[in-house]
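# Breakdown of the fold
Here are the chains, one letter per residue:
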Amino acid sequence: MEETWPELLEAKPKVEERALPPLPEADKYPQVVTRFSPNPDCVLHMGSARAIILSWSYARMYHGVFLLRFEDTDPHLKKPSLEFYDSIREDLLWLGCKWDREYIQSQRLGLYYIYAKKLLEEGKAYVCTCQPEVFRRKISARQPCPCREQPPETHLHRWEKMLDGGFGEGEAVVRVKTDLSHPNPAVRDWPALRIVDTGKTPHPLVGDRYRVWPLYNFSSGLDDHLLGVTHVIRGKEHLTNEQRQRYLYHHLGWDYPTAIHYGRLKIEGVLLSKSKIKLGVEQGVYEGYSDPRLATFAALRRRGIKPQAIEEMILEIGLKPVDITLSWDTLYSHNRRILDPVANRYFFVAQPFLLEVSGAEKPFKAVHPLHPEHPERGFRAFEIKPDKGVIRLLVSGNDRPLFTSGAYLRLKNLFNIQVKAFQEGKALASFTGTSHEEAQKGHVPIIHYLPAASNIPSLMVMPDGSRIEGFSEEACKGLKVGEMVQLERWGFARVDAVAPQLTFFYAHK
RNA sequence: GCUCCGGUAGUCUAGUCCGGUUAAGGAUGAAGGCCUCUCGAGCCUUCGACCCGGGUUCAAAUCCCGGCCGGAGCACCA
């Protein structure tokens, strides 16, 4: 068999690497350019994973360019904050999505002004001073507001007034002309630039230097062309923005890039709302942005979810325009496949109780491999000595149901016992032999344990934020922060701290 | 309400463009078994889906029409 069909015996790859579908219209451009354009008003979370990973992967797949562009043009409602520029860069790097060039829109306002003025001059945009309700009424009736009819000179004059403070916040807005009879009222004569009183709400990067700020469709629309973006990959909430921006492109004689709109991404049982995450952190509901209950990249990182697992899952999902609800199980399964070969094994007993074994007169040494498939990595060993004929061990509280009197158990790599009783919070048992074979024959459950005399008090932080006290084995002294381990019969966890107390963040089973 | 988009197992996905090669494939999950001195990994088995109704056709998940359901947008947010 081995000789005839060696390939049949080879382990075949579990999951075939699913290639991304070809990028539409990739051959239309000399070089593919994609971008990720976050607002630095919060940390990144799984909701952005699609935009980041798809944009980056396609750029790489086509030997193109991936841009990072901070869209920090709202100093008021979605106010950017200095810390988030850096946290976003950090998250991207962690995800393995390094960008080729970086842009910050708040540094580019002068550029946007040039195009605003040009459109005003050419009668393709106008400065509207109507009350919002008045404008809305006119526009929904497919009628021009009074401002629209004014000559370019008037608008140029109003534009100057916007820039030099002649208009206050909310008193004037630049609108891009569109087809007034467009079926969707939302695209008709959309607003392009507005006034923000940065004296009151200064921008973290440019302070109060500017008072006229572009809106999303204007700055993003201009930049996509100006920076040579060929493929815009974003959520389907931007579908109507494409309609709006096409008018801008038409006015300027540009071709609109290829736009791909994917569906919204949810994760079961988790909120992915930036504003709610921010609020929760500010109010102390969450312990910072890496609180294990959150699906921020910071939190996933802290729990030991590997970026490759996220990437694999996102690539699997692709770019369909349907909304999807991801399951943690799928993510965990990807992560486990990555972790299992690398994570060394240790014992951790959660909320333990004492087990006293009598009848074992001599000292024992239990030897466990650091990894069952990799004996070359070495072993951990427990020295276990009886004290006046009794061996004292700690056993995980989860295993309490196994301790019914008369039950047989095997202590892994140590010996077999029979439970006598459980009283006063501790289990009493008697030594019945060391034979593993015997235990196997009797289908005796195998459990883990710790010497009561030597162990390390530890803390386990669970995904729901709860904390479980417990003890880990002495060998855990050598662990470093960030290391991934598998706590046998418990699950995978990341070492989050070694002092003052050894602390694990639970990843998954 | 208006303007769009979409509906394959619990979840994710392949197939839909160019109708038959598939008794609708894979992953995840659940249940069971084998193996393993972990409840992990590995191996095997089982469970489970084309939103509904018409039409076209020898043949429809795939094409057409209608309905139903779900989602997004309708900001001087991004």
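Residues numbered from 1 in each chain as written. Chains lettered and ligands numbered in written order. Predicted model: local features only at pLDDT ≥ 70, side-chain atom pairs only at ≥ 80, totals over all residues. Heavy atoms only, no water.

### A few points about helix α11 (residues 307-317)
Taken together, the buried positions of α11 are Pro 307, Ala 309, Ile 310, Met 313, Ile 314, Leu 315 and Ile 317. Here the buried face of α11 lies against α2 (49-61), α3 (82-95), β10 (265-267), α10 (297-303), β11 (324-326) and α12 (328-339). (Buried < 20%, exposed > 50% of the residue type's maximum accessible area, 1.4 Å probe, protein only. Helix = DSSP H or I, 4+ residues; strand = E, 2+ residues; numbered from the N terminus. Contact = heavy atoms within 4.5 Å.)

### Considerations on the pattern of salt bridges
As enumerated under the stated definition, the model contains 30 salt bridges in all. In this structure, the salt-bridge partner of Asp 399 is Arg 489, at a minimum N-O distance of 2.3 Å. Residue Asp 399 is found in the loop between β17 (390-395) and β18 (408-411), and its partner Arg 489 is found in the loop between β25 (484-487) and β26 (491-497); the two are separated by 90 residues along the sequence. Asp 399 sits in the buried class, given a relative accessible area of 8%. Classification of Arg 489 as partly exposed rests on a relative accessible area of 46%. Several salt bridges converge on common partners, so that one network encompasses Arg 35, Arg 69, Glu 71 and Asp 224. (Salt bridge = Lys/Arg side-chain N within 4 Å of Asp/Glu carboxyl O.)

### Overview of the environment of Asp 323
Inspection of the secondary structure assignment puts Asp 323 in the loop between α11 and β11. Expressed as a C-alpha distance, the spacing of Asp 323 and Tyr 262, which sit 61 residues apart in the sequence, is 7.9 Å. Those residues in contact with Asp 323 that sit more than four places away from it in its chain are Lys 236, Gly 263 and Arg 264. Polar contacts involving the side chain of Asp 323 include one to the side chain of Lys 236, which spans 3.2 Å. Within the local environment of Asp 323, its side chain forms a polar contact with the backbone nitrogen of Arg 264, the two atoms lying 2.8 Å apart. (Polar contact = N/O pair within 3.5 Å; in protein donor to acceptor, adjacent residues only side chain to side chain.)

### Considering the side chain of His 251
Within the fold, His 251 resides in helix α8 (residues 239-252). When its relative accessible area of 14% is taken as the criterion, His 251 is described as buried. For His 251, the contacting residues outside a window of four places in its chain are Leu 119, Glu 122, Lys 124, Val 176 and Lys 177.

### Structural notes on α8
Spanning 14 residues, α8 covers 21 Å between terminal C-alpha atoms, matching the ideal 20 Å at 1.5 Å per step. Residues of α8 that are buried include every one of Asn 241, Glu 242, Arg 244, Gln 245, Tyr 247, Leu 248, Tyr 249, His 251 and Leu 252, and no others. Contacts from the buried residues of α8 go to α4 (109-121), β5 (173-176), α7 (216-226), β8 (231-235) and β9 (258-262). Just downstream of α8, Gly 253 is the residue with a positive phi angle, here 70°. (Expected span 1.5 Å × (residues − 1).)

### A short note on the packing of α4 against α7
Look at α4 against α7: their axes get within 11 Å of each other, and the N-to-C directions meet at 100°. Judged by the inter-axis angle, α4 sits roughly perpendicular to α7. Residues Leu 111, Tyr 112, Tyr 115, Ala 116 and Leu 119 of α4 form the contact with α7, whose participating residues are Phe 218, Ser 219, Leu 222, Asp 223 and Leu 226. Grouping the amino acids of the contact of α4 with α7 by side-chain chemistry returns eight nonpolar, one polar and one charged. (Axes fitted to C-alpha atoms, helices over the stretch in contact; angles between N-to-C directions. Parallel < 35°, antiparallel > 145°, perpendicular 65-115°, else oblique. Nonpolar A, V, L, I, M, F, W, Y, C, P; charged D, E, K, R; others polar.)

### Points about the environment of Ser 57
Tracing the backbone through its elements, the reader meets Ser 57 in helix α2. For Ser 57, a relative accessible area of 9% corresponds to the buried category. In this structure the C-alpha to C-alpha distance between Ser 57 and Thr 34, which are 23 residues apart in sequence, comes to 9.5 Å. With residues up to four places along the chain from it excluded, the contact list for Ser 57 reads Leu 20 and Leu 315. At a separation of 2.6 Å, a polar atom in the side chain of Ser 57 contacts the main-chain carbonyl oxygen of Ile 53.

### Quick notes on the nonpolar core
In this structure, Met 46, Phe 297 and Ile 310 are the most contacted members of the largest nonpolar core, which totals 48 residues. The biggest single contributor to this core is α2, with eight residues. Core analysis: the second largest hydrophobic core is formed by 31 residues, Phe 167, Val 174, Leu 193 and Leu 222 among them. (Core = buried A, V, L, I, M, F, W, Y, C linked by side-chain atoms within 4.5 Å.)

### Quick word on the confidence of the model for chain A
The share of residues in chain A with pLDDT of 70 or more is 96%, and the mean pLDDT across the chain is 93. In the model, residues 1-17 has pLDDT below 50 throughout and makes five contacts with residues more than four positions away in sequence or in other chains. Our summary of model confidence lists the complex with pTM equal to 0.92 and ipTM equal to 0.93. (pLDDT = per-residue confidence, 0-100.)

### Regarding the sheet that holds strand β7 (residues 212-214)
For sheets, the rule is that strands pair by backbone hydrogen bonds, running either parallel or antiparallel. Taking strand neighbours across the sheet as the criterion, the four strands line up as β4-β5-β6-β7 in an open arrangement whose pairing is antiparallel. Two strands lie at the open edges of the sheet, namely β4 (125-128) and β7, each paired on one side alone. Neighbouring strand axes in the sheet, compared pairwise and without regard to direction, differ in orientation by 20° on average. Two strands pair when backbone bridges link them, and strand β6 (residues 191-195) and β7 are joined in this way by three bridges, in the antiparallel orientation. (Pairing = 2+ DSSP bridges.)

### Quick look at the packing of α4 against helix α6 (residues 152-164)
For the pair α4 and α6, the least separation of the axes is 8 Å and the interaxial angle reads 155°. It follows from the interaxial angle that α4 and α6 lie roughly antiparallel. Along its contact with α4, which presents Tyr 113, Ala 116, Lys 117, Leu 120 and Glu 121, the element α6 presents Pro 152, His 155, Leu 156, Trp 159 and Leu 163.

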